[in-house]
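Each chain, letter by letter, is given below.
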Amino acid sequence: MKKILFLLLAVICSLFAACTDKMPENATFDGKRLIINDSTDVYEVSALNDDIIKVACKNKNHYSDRVYAPVLQQPVKAKCRNKDGKLTFSVGNAAVVIDVNTMDMFFVDDEKEIKLAASDCFDIYGDTCLLRFKLSPEEEIYGTGARALPLNRRGYKFQCYNQPNYGYGLGADFLNYSVPVFMSSKKYMMLIDNPARAYFDIGKTNPDILEFGSRGGNMVFYYIEGDDYKELLKNYITLTGAQPLPPIWAFGNLQSRFGYRSQAETEGVVDIMKVLGYPIDAIIIDIYWFGPELQDGMMGNFTWDKENWPAPEKMIEKFKNKGVKTITVSEPYITRKSFRYEEASNLGVLCKDSTGQTMSIPYFYFGDGGLIDIFDKKASDWFWQLYKAQKELGVAGWWGDLGEPEVHPDDMWHINGTAYEVHGAYGDGWIKMLYDNYAKDYPDERLFKLARAGYAGTQKYGIMPWTGDVGRTWEGLKAQPPAMLGSGMSGVGYMHSDAGGFAQGKRDSALYTRWMQYAVFTPVFRPHGDIATAPNEPIFYDDRTQFIVKNFIKLRYKMLPYNYTNAFVNMTEGMPLARPLLFYYETDTVARNIYDEYMWGNDILVAPKMQDTSTLHLVYLPEKGTEWFELLSMRRFPGGQRHSISYKLSDYPAFVRGGAVIPMYEKPIFTTDTYSPDTIALYCYYSDKACDYKTFVYFDDGKTKDAYAKGLYAILDIQSKYTPTSIEISTSYRSNDLSDEFVSPKVVEMVVKNIASKPLILLINGKETTCYVWDGKSHEMRFFCNAESNMVVNL
């Protein structure tokens, strides 16, 4: 194989060297689009920028004219040269060489390195449309959405079809959020913009072939070039759109349950949590808000059941005054028992059968009913009015459940095609409806929408997805890191779990505690599960469990500056909040294959404790020569090796990279409503083995939509330099608006850790000062200074 690739590379180099502008008889090029007429197919090749090439194929059996995920759609000028029927289509950093006789394709970078090869990549077998790509011998494939599998998907075959997997655990190869997107260790990404019922076969049947097979659908793919994973993700969000910042309260404690059955019960839970000193930012109300029954209930009513919720507006206002936002669940189904069913059917907003009549689903778990055709503007406008009525009552955020859709018969018709053609795009259409209407009716507000399913590119509408109805077991917990990381490598940066586990299982304080600790280091902290098997609120556990969990929830709030900056990086660069080790340590063969550890942002390594058999925990800390410090205990460990470390239930394996500076919020708060970072703490983890270090902290008001684009933000840049005898730290604002619109720090508290002995001298802006606190027991130094300062500590 290597010899063949070498010969191909030589051929490609010769093609670049001697070409003509004259096209073969079956090809045309207009400066932007290359059209090739094969015997049965018409291929169109275009470039959308210097790094992205689009390839579409159509014939009488399938189409290629739809755009689902991309926001980048207009082709740019490109070059196309011909040598003996081999066309080289090139733009900026990427090119594709196409043999017009065989339709073999070779994608290369600006250094003419072959990244991807395809031989007759478009094919049809019965009613299945196929895309096939050749895999290089050592190539690894990542992404394809949320799956409880190793990050390298090579050697697996699985569905690319959103569907629930009730009570799943580690090893589940399908979950609620699949996407036709993959990333290669050869540094390219691929978006196959086809939401139809499909599968991936990534070297399972043929070790050298990646095959994507779909039941019809849109036969288009986008090749994305990049030098590294960070650049790939940035190019991907350029193509499909960036995730906007959520409201800052999304990073607080969002308490949920399946389910609160009454206003009195819900108010009681919030009151107890407040009395016991738990920070809480939202209460999430499940299915019983619109009806008392689970099956054959009132799904689709979208109004409060006044018998059990007699004064919802007063309840919402009461919660708001406590800093607690109200979030309600909604589903895209309307059961026949709902008073809205007849109206919806008569208006034609429900999906149809082949005769054009409303299609009812008698085997739907929650009762015979219909599905809203979210792609029909008339239906989405009707649906929005139901949301808007609740928004006017004070509901602050939305939880969309069953949005795969959970039951979606293949013979059901939408306005834009059959269910099997558009299935993957349904969740995308649902949140797009909310996003677009918020932009119209509430243009300054940030949308908050939990959703169980979406599509490639759904991040641009602000989706906050979760991993579905996971089993309340240790295997369920073990499934979460790979599902979260695989999603992040697919462009979905906010994947999280029902913290504590949702389905089956039993009450287990140790499992509950470990899951809560893990959730602190995930994009969304949301305890949720079926109350029938175990409680989800910490207030219903023993005192020891409560003490531990409360402290970790408080840690979540303390980390607000770090987490919010992490979210800003996701918005601007596409990097997920939780990142696989291979993004940073790809040449480390141990780190590259780990999927039960991850980086939380740039500088915190999390190695979740996911078993209850021993206090000992095996942790791999990468990079020889780097020191790692436990976030909670400050124990120090060398990098480049495994460590067997003992952990009590109150401890957790999270490590800070030596030399890093971590922003924290020291003031105790119990809701983000009182978060006012006029002063923050910068925790500096001194290590004389560290190199020079740079980072920043992002601030805005946490609520205004597009604050960054509007210039309503501040960025505090931080630089540090370490030697065995000194520490130099400087802080300065890159951009600053200290108006009343929001608060950014005017003062910072420096917390310098891991200093062996009392410092000799502290200089702030060139002046010596003794205004600092030294703790010889913890080897920690604290002092205050202006937000823009130069500091030198002589050791």
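Structural data are supplied above this passage.
Residues numbered from 1 in each chain as written. Predicted model: local features only at pLDDT ≥ 70, side-chain atom pairs only at ≥ 80, totals over all residues. Heavy atoms only, no water.

Enquirer: Break down the pairing of strand S37 (residues 661-664) for me, with residues and values.
Expert: Where burial is concerned, the two faces of S37 agree: the one with Val661 and Pro663 and the one with Ile662 and Met664 are both buried. Two strands pair when backbone bridges link them, and S37 and strand S38 (residues 679-685) are joined in this way by four bridges, in the antiparallel orientation. Counterpart to Ile662 in the pairing with S38 is Tyr683. (Buried < 20%, exposed > 50% of the residue type's maximum accessible area, 1.4 Å probe, protein only. Helix = DSSP H or I, 4+ residues; strand = E, 2+ residues; numbered from the N terminus. Pairing = 2+ DSSP bridges.)

Enquirer: Give a detailed account of helix H4 (residues 312-321), specifying residues and quantitative values.
Expert: For H4, every residue scored as buried is listed here: Pro312, Met315, Ile316 and Phe319. The arc enclosing the buried residues of H4, seen along the axis, measures out at 100°, which places them on a common side. Of the residues in H4, the exposed ones pointing more than 90 degrees away from the buried face are Lys314 and Asn321. Against helix H3 (263-275), strand S20 (282-285), strand S21 (325-330) and helix H6 (377-393) lie the buried residues of H4. (Arc of directions from axis to C-beta. Contact = heavy atoms within 4.5 Å.)

Enquirer: Outline the packing of aromatic side chains, listing residues and values.
Expert: On inspection of all chains with the given rule, the structure shows 54 aromatic pairs. For the ring pair Phe251 and Tyr564, a centre distance of 6.1 Å and an interplane angle of 85° mean the geometry is edge-to-face. Of this pair, Phe251 sits in the loop between helix H2 (229-240) and strand S19 (254-256) while Tyr564 sits in helix H13 (residues 560-573); the two residues are 313 residues apart in sequence, bridging distant segments of the chain. For the pair shown, Phe251 and Tyr564 are each scored as buried. Note on Tyr698 and Tyr713: the rings are 6.0 Å apart at their centroids and 20° apart in plane angle, and the pair reads as stacked. (Phe/Tyr/Trp six-rings, centres within 6.5 Å; stacked < 30°, edge-to-face > 60°.)

Enquirer: Any details on the pattern of salt bridges? Residues and values, ideally.
Expert: In total, this model carries 44 salt bridges according to the counting rule given. Linking Glu44 and Arg33 is a salt bridge whose minimum nitrogen-to-oxygen distance equals 3.4 Å. Of this pair, Glu44 sits in strand S3 (residues 42-49) while Arg33 sits in strand S2 (residues 33-37); the two residues are eleven residues apart in sequence, bridging distant segments of the chain. Among the residues examined, Glu44 registers a relative accessible area of 30% and is labelled partly exposed. One salt bridge connects Arg452 with Asp469, and the closest N-O pair in it is separated by 3.6 Å. Of this pair, Arg452 sits in the loop between strand S27 (449-451) and strand S28 (463-465) while Asp469 is found in the loop between S28 and helix H9 (474-478), placing the two residues 17 residues apart along the sequence. Each of the salt bridges in this network shares a partner with another, and the network as a whole consists of Lys558, Glu666, Glu749, Lys753, Glu780 and Arg782. (Salt bridge = Lys/Arg side-chain N within 4 Å of Asp/Glu carboxyl O.)

Enquirer: So what's going on with helix H10 (residues 480-488)? Residues and values would help.
Expert: Two residues of an α-helix separated by three or four positions point the same way, owing to the 3.6 residues in each turn. The buried fraction of H10 amounts to nine of the nine residues, a majority that puts the element mostly inside the structure. Among the residues making up H10, those that are buried are Gln480, Pro481, Pro482, Ala483, Met484, Leu485, Gly486, Ser487 and Gly488. Contact partners of the buried residues in H10: strand S12 (141-145), H2, H9, helix H11 (509-520), strand S29 (578-579) and strand S30 (598-600).

Enquirer: Describe a negative patch on the surface, and please don't skip the residues or the numbers.
Expert: A cluster of acidic side chains, namely Asp110, Glu111, Glu113, Asp227 and Asp228, defines a negative patch on the protein surface. Structurally, Glu113 is set in the loop between strand S8 (105-109) and strand S9 (114-118). (Patch = residues over 30% accessible without salt bridge, like charges linked within 9 Å, V, L, I, M, F, W, Y side chains within 5 Å. Areas by Shrake-Rupley, 256 points an atom, 1.4 Å probe, with all protein chains shown as cover. Lys, Arg positive; Asp, Glu negative; His and termini not counted. Charge placed at Lys NZ, Arg CZ, Asp CG, Glu CD.)

Keep in mind these values describe shape, not function.
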